[in-house]
Amino acid sequence: MDTSYQLQWATKTDYDDLADVMFEAVRSGPSKYTDRQRERWVPHRRSGEEWDARLDRQMIVLARSVTVIAGFMSLEPNGYIDFAYIRPSAQGTGLFRQLYTWIEQRSLERGDGKLWVHASLMAQPAFAAMGFSIVEHQTVEIDGESFDRAEMQKVFAIPK
């Protein structure tokens, strides 16, 4: 995959492509979860009014290569990073850091005191590299399968 990306804020017309990125990242990418867990986590490609409404309330930065959207990250109004997905072919290219830099900059511009996330086992090292620390290890259940994750946060020193 091309490793030069154009970062931009997503619009509603990108939502279907974002669903493809999420599906491919969870179901086809490297994972510390079993195939059964991954099928429960993302049983199908997201779409419809509920998906659109969830994305509508967030700021979403995406990375576009020449051919596809390679990854995206989203920020809710309360400093919560809801989505952070990179296509398997773009993992290890520094794309996570690029997307995160945009999210952190917007968060700082808004005056957020912290960013926080529920990070999967795969995402925890990437968030830790951005300065996040684990607040709490958690196990959640989705459709009869248990998933380990961590609530992580990065607190900003706000200048006075």
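One structure accompanies this document, and this report is about it. Since the model is a prediction, treat every value here as computed from it, not as a measurement.

### Notes on the overall build of the chain
Phase 1 of the analysis: Assigned secondary structure in the chain consists of 5 helices and 7 strands.
Phase 2 of the analysis: Listed by position from the N terminus, the elements making up the chain come as β-α-α-α-β-β-β-α-β-α-β-β.
Phase 3 of the analysis: A compact globule built from 160 residues should have a C-alpha radius of gyration of about 15 Å, and the chain, at 15 Å, falls within 12% of that.
Phase 4 of the analysis: Judged by the C-alpha coordinates and their principal axes, the chain covers about 50 × 40 × 30 Å.
Phase 5 of the analysis: Contacts in the chain between residues at least 24 apart in sequence constitute 65% of all its contacts with a sequence separation of at least 6.
Phase 6 of the analysis: By element, 48% of the accessible surface of the chain is carried by carbon and sulfur atoms, the whole surface being about 8,400 Å².
Phase 7 of the analysis: Seen as two clouds, the 19 positive and the 23 negative side-chain charges of the chain have centres 4 Å apart.

### A short note on the environment of Ala-84
Phase 1 of the analysis: As for its placement among the helices and strands, Ala-84 is situated in strand S4 (residues 80–86).
Phase 2 of the analysis: Expressed as a C-alpha distance, the spacing of Ala-84 and Gly-71, which sit 13 residues apart in the sequence, is 7.6 Å.

### A word on the pairing of strand S2 (residues 59–64)
Phase 1 of the analysis: For strand S1 (residues 6–9) and S2, the ladder comprises 4 bridges, and the chain directions are antiparallel. Within S2, the position partnered with Gln-8 by the bridge is Leu-62.
Phase 2 of the analysis: Taken together, the 6 bridges between S2 and strand S3 (residues 69–75) define a ladder with antiparallel strand orientation. Opposite Ile-60, over in S3, you have Ser-74 as the bridge partner.
Phase 3 of the analysis: With antiparallel pairing between neighbouring strands as the criterion, S2 and S3 make up a hairpin whose turn holds 4 residues.

### Considerations on the side chain of Gln-124
Phase 1 of the analysis: Checked against the element boundaries, Gln-124 lands in helix H5 (residues 124–129).
Phase 2 of the analysis: At 3.3 Å, the side chain of Gln-124 and the backbone oxygen of Ala-119 are in polar contact.
Phase 3 of the analysis: When sequence neighbours within four positions are dropped, the list of residues in contact with Gln-124 reads Ala-119, Ile-134, Arg-149, Ala-150 and Met-152.

### Focus: the sheet that holds strand S7 (residues 145–155)
Sheets are built from strands that pair by backbone hydrogen bonding, the pairs being arranged parallel or antiparallel.
Phase 1 of the analysis: Strand order across the open sheet formed by 7 strands is S1-S2-S3-S4-S5-S7-S6, with mixed pairing between neighbours. Each of the sheet's edge strands pairs with one partner strand only, and the pair in question is S1 and strand S6 (133–142). Taking each pair of neighbouring strands and ignoring which way they run, the sheet shows an average axis angle of 25°.
Phase 2 of the analysis: The sheet contacts of helix H1 (residues 15–28) involve S2, S3 and S4, and relative to S3 the element is tilted by about 100°.
Phase 3 of the analysis: The strands touched by helix H4 (residues 95–110) within the sheet are S1, S2, S3, S4, strand S5 (114–120) and S7, with S3 carrying the most contacts at an inclination of about 25°.

### Things to note about the pattern of salt bridges
Phase 1 of the analysis: Scanning all chains against the criterion turns up 12 salt bridges.
Phase 2 of the analysis: With a closest N to O distance of 3.0 Å, Arg-64 and Asp-14 form a salt bridge. Taken together, the residues Arg-64 in strand S2 and Asp-14 in the loop between S1 and H1 connect sequence positions 50 residues apart.
Phase 3 of the analysis: Across the pair Asp-112 and Arg-110 runs a salt bridge, and its minimum N-O distance is 2.7 Å.
Phase 4 of the analysis: By relative accessible area, Arg-110 is classed as partly exposed at 32%.
Phase 5 of the analysis: A cluster of three or more residues bridged by salt bridges with shared partners is formed by Asp-16, Asp-20 and Arg-45.

### Here's the deal with the environment of Tyr-80
Phase 1 of the analysis: Assignment of secondary structure puts Tyr-80 in strand S4.
Phase 2 of the analysis: Classification of Tyr-80 by relative accessible area gives buried; the value is 12%.
Phase 3 of the analysis: Taking C-alpha positions, Tyr-80 is 20 Å from Val-26, a pair spaced 54 residues apart along the chain.
Phase 4 of the analysis: Apart from the residues within four sequence positions on either side, Tyr-80 is in contact with Ser-74, Leu-75, Trp-116, Val-117 and His-118.

Here is what the cut-offs are and how they apply
- Residues numbered from 1 in each chain as written.
- Predicted model: local features only at pLDDT ≥ 70, side-chain atom pairs only at ≥ 80, totals over all residues.
- Heavy atoms only, no water.
- Helix = DSSP H or I, 4+ residues; strand = E, 2+ residues; numbered from the N terminus.
- Rg over C-alpha atoms; globule rule 2.2 N^0.38 Å.
- Contact = heavy atoms within 4.5 Å.
- Areas by Shrake-Rupley, 256 points an atom, 1.4 Å probe, with all protein chains shown as cover.
- Lys, Arg positive; Asp, Glu negative; His and termini not counted.
- Charge placed at Lys NZ, Arg CZ, Asp CG, Glu CD.
- Pairing = 2+ DSSP bridges.
- Polar contact = N/O pair within 3.5 Å; in protein donor to acceptor, adjacent residues only side chain to side chain.
- Axes fitted to C-alpha atoms, helices over the stretch in contact; angles between N-to-C directions.
- Salt bridge = Lys/Arg side-chain N within 4 Å of Asp/Glu carboxyl O.
- Buried < 20%, exposed > 50% of the residue type's maximum accessible area, 1.4 Å probe, protein only.

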